[in-house]
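As a plain string of letters, each chain reads:
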Amino acid sequence: MRVRGRLTWGRRARAGVVLTALLAGVLPPAVTLVPGAATAGAAAGTPVCQVRDDRLREISGMVATDDGYVVINDGADDEARRRIFFLDQRCAVVRTVSFPSRPRDTEDLAIGPDGTLWVADIGDNDRSRLTVGVWRLAPGAEKPVLHRMTYPDRPHDAEALLLDASGQPLIVTKGGSGSVFLYGPATALRPDATPMLTALGTVTLPTTTTSNPFSFLGRGVITGAASAPDGRRVVLRSYADAFEYDVPDGDVVRALTTGTPRVTPLPDEPQGESITYSRDGRSLLTVSESAGQPAGARSTILRYPATATSATAVPSTESVDPVTPTAFSPAAGEVGGEGGRTWPLVFGAGTLLVLLGLAGLLWWRHTARR
C-alpha cells in the first residue's frame, strides 16, 4: 500500500479513521502514547545495491535468487510498471515478464524450492474485493497463471505471502494494532476455480519502540514476509521491525501462531514493504518504495544479519560487508476490527481528555505538513 509523505485527501481520511479508532478504544492508550524512539542498539541496514530503473518506484515485494533479485511494484497505473522484474546482483533490470491481464494490487513475492515464483495480488486498501489472487510463474514459463481465491468471512487488506510445506500460498493480513490473521486455500488451486480460503490462525506481534515514519501505527501492521531457503525459518516484517520464527517441523502456521519471534529492528526505512532472505540464509534483505520520497531518492536493498536459531537468542547488531555487483482465533468472531485486540469502549473522563488532546495534536501535525 502506498503512503505518501504529504497529507493527501486519502491520507487525511486514513488519519481520521485512526483517530476515530483511538477515541473508540480500539487502540490502547498504552500503545498510542509510546514515543517513537528507536529501539536501543538498533543499527541501520548495510546498503547492497541501488535500484535505478525509474519503473521501480513502488517496490512492494522481493525475493533473492542465485543471479540477483526479483521484484514487483505495488499495483501501478502505468502498464510499464505492472511486470515482474528480474535484477542482477547490481540491481540492474535484466528482463521483465508481463501479466496476461491487469493485476489489481500486487503486494508480495514468494519463491518455491523449485524456483516457482508466486506473486501475491492481495492488496485491498478499501476492503472491497470479492476475490484476491496469486500469480504462479513456473521456471521457464513466459507468462504467469492467475489463481483466484475468496475469503470465508469478509474482505481483508493483505501485503504478505508465505508458502507452506506443501508449496501452497499462505496469506498474512496486514492487521492494524498488533494482530494479523492467516488464511490458506481449502482445496488445491486451479486456474478455472475460485476456492474458498480457510482461516488458519492469529499472530500476535511483539510490542517494540523502533523508530519509523508511521510511529506506533507502523509497528502494528505486516507489510511483507519470507521463508528461509532451507524452510526452517520464516520472517514477517512491519514498517519498523522483522519478526523471525523457527519452523523446525515444516508447520508454518503453528510456528507463527504459537512461536516466540526474534526481533530485528529495521529503523527508519522510508516505506519498507519488502523482505527476503539471502540465498545462504544468513541475512535479511529489505527494500523500500522510493515514490513520495525527496527528489532523487532511489530504492536501496539493505542487508541485516539474520538472527540465531535459538528461542533465547539476542538479535545481532553486527555489520556485514555489502555485496558487490499465539493460538488460533477465528477472524469472523473478532471484536474491534482487524486489529484483533479487544479494549474497553468506555474510559474515565481523564483518559478521554488525554485521547482528545492526542487526536488534536496528531491532526495538527498532519495538517501542518500540507
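Quick notes on the rules
Positions within a chain are numbered from 1, following the residues in the order the chain's sequence is written. With the structure being a predicted model, the display of local features is reserved for residues of pLDDT at least 70 and the display and counting of side-chain atom pairs for 80 or more, all residues being used for whole-chain, interface and lining totals. Heavy atoms throughout the structure, all of them, feed into the side-chain values; hydrogens and water do not. Across the chain, each position has a pLDDT score giving the predictor's confidence in that residue, from 0 to 100. Whether two residues touch is decided by their heavy atoms; if any such pair falls within 4.5 Å, the residues are in contact. Aromatic pairs are defined between Phe, Tyr and Trp rings, using the six-membered ring for Trp, whenever the two ring centres lie within 6.5 Å; interplanar angles under 30 degrees are classed as stacked, those over 60 as edge-to-face, and all others as tilted. In this description a helix means any DSSP run of H or I spanning at least four residues, a strand means any run of E spanning at least two, and both kinds are numbered starting from the N terminus. To sort residues, take the accessible area from a 1.4 Å probe on protein chains only and compare it with the maximum for the residue type: under 20% means buried, over 50% means exposed, and anything in between is partly exposed. A ring is scored as having a charge over it whenever the NZ atom of a lysine or the CZ atom of an arginine sits within 6 Å of its centre and within 35 degrees of its normal. Put simply, buried Ala, Val, Leu, Ile, Met, Phe, Trp, Tyr and Cys residues joined by side-chain atoms within 4.5 Å make one nonpolar core. Here, the term disulfide refers to a pair of cysteine sulfur atoms separated by no more than 2.5 Å. Two strands are said to pair when DSSP picks up at least two bridges between them. In this analysis an axis means a line fitted to C-alpha atoms, helices contributing only their contacting stretch, and an angle means the value between N-to-C directions, from 0 to 180 degrees. In the sections that follow, a salt bridge refers to a side-chain nitrogen of Lys or Arg positioned within 4 Å of a carboxyl oxygen of Asp or Glu.

Caption draft 1: Structural view of the confidence of the model for the chain. The share of residues in the chain with pLDDT of 70 or more is 72%, and the mean pLDDT across the chain is 80. Below a pLDDT of 50 lies the segment residues 3–38, which in the model reaches 72 contacts outside its immediate sequence neighbourhood of four places, other chains included. Taken together, the stretch residues 310–354 has pLDDT below 50 and engages in 82 contacts with residues farther than four places along the chain or on a different chain.

Caption draft 2: Layout of the packing of aromatic side chains. Tallied over the entire structure, the rule returns 3 aromatic pairs. Ring geometry for Tyr-151 versus Tyr-183: centroids 5.0 Å apart, planes at 80 degrees, classification edge-to-face. Of this pair, Tyr-151 sits in the loop between strand S9 (145–149) and strand S10 (158–163) while Tyr-183 is found in strand S12 (residues 179–185), placing the two residues 32 residues apart along the sequence. Tyr-183 shares its class with Tyr-151; the two are buried. The ring centre of Phe-86 lies 3.8 Å from the NZ or CZ of Arg-95, which sits over that ring.

Caption draft 3: Expanded view of the nonpolar core. Core analysis: the largest hydrophobic core is formed by 18 residues, its most contacted members being Leu-162, Val-172, Val-203, Ile-222, Leu-236, Tyr-245 and Leu-256. The set of elements that each furnish at least two residues to this core consists of S10, strand S11 (169–173), S12, strand S15 (233–237), strand S16 (241–246) and helix H4 (252–258). Ranked by residues supplied to this core, first place goes to H4 with 3 residues. Contact partners of Leu-162, with chain neighbours within four places excluded, come to Gln-168, Pro-169, Leu-170, Val-172, Ala-225, Ala-226, Ser-227, Val-234, Leu-236, Val-252 and Leu-256. Among the nonpolar cores identified, the runner-up in size contains 16 residues, and Ala-110, Ala-120, Ile-122 and Phe-181 belong to it.

Caption draft 4: The arrangement of the state of the cysteines in detail. Under the defined criterion, the tally for this structure stands at 1 disulfide. In this model, Cys-49 is linked to Cys-91 through a disulfide, with the two sulfur atoms separated by 1.9 Å. Handedness of the Cys-49-Cys-91 disulfide follows from its S-S torsion of about 50 degrees: it is right-handed. Of this pair, Cys-49 sits in strand S1 (residues 46–51) while Cys-91 is found in the loop between strand S4 (83–88) and strand S5 (93–98), placing the two residues 42 residues apart along the sequence. Cys-91 matches Cys-49 in its accessibility class, with the two residues each being buried.

Caption draft 5: Representation of the pairing of S10 in the model. Taking burial as the measure, the 6 residues of S10 include 6 buried ones, the bulk of the element. Bridge count between S10 and S11: 5 bridges; the pairing is antiparallel. By the bridge assignment, Leu-163 is partnered in S11 with Pro-169. Between S10 and S11, which pair antiparallel and follow one another directly, the connecting turn spans 5 residues, one of which, Gly-167, has a positive phi of 85 degrees.

Caption draft 6: Quick look at the sheet that holds strand S18 (residues 272–277). On the basis of which strands lie adjacent, the open sheet formed by 4 strands has the order S1-S20-S19-S18 and antiparallel pairing. A strand with exactly one partner marks an edge of an open sheet, and here the two such strands are S1 and S18. This sheet shows a mean twist of 25 degrees between the axes of neighbouring strands, independent of strand direction.

Caption draft 7: Summary view of the pattern of salt bridges. For the structure on display, the rule yields 12 salt bridges. One salt bridge in this structure joins Asp-192 and Arg-190, with 3.1 Å as the shortest N-O distance.

Caption draft 8: Just unusual backbone geometry, in detail. Positive phi, close to 75 degrees, is recorded for Cys-91, a residue that is not glycine. Looking at Cys-91, the relative accessible area reads 2%, which means it is buried. A positive phi angle is found at Ser-215, which is not glycine, with a value near 55 degrees.

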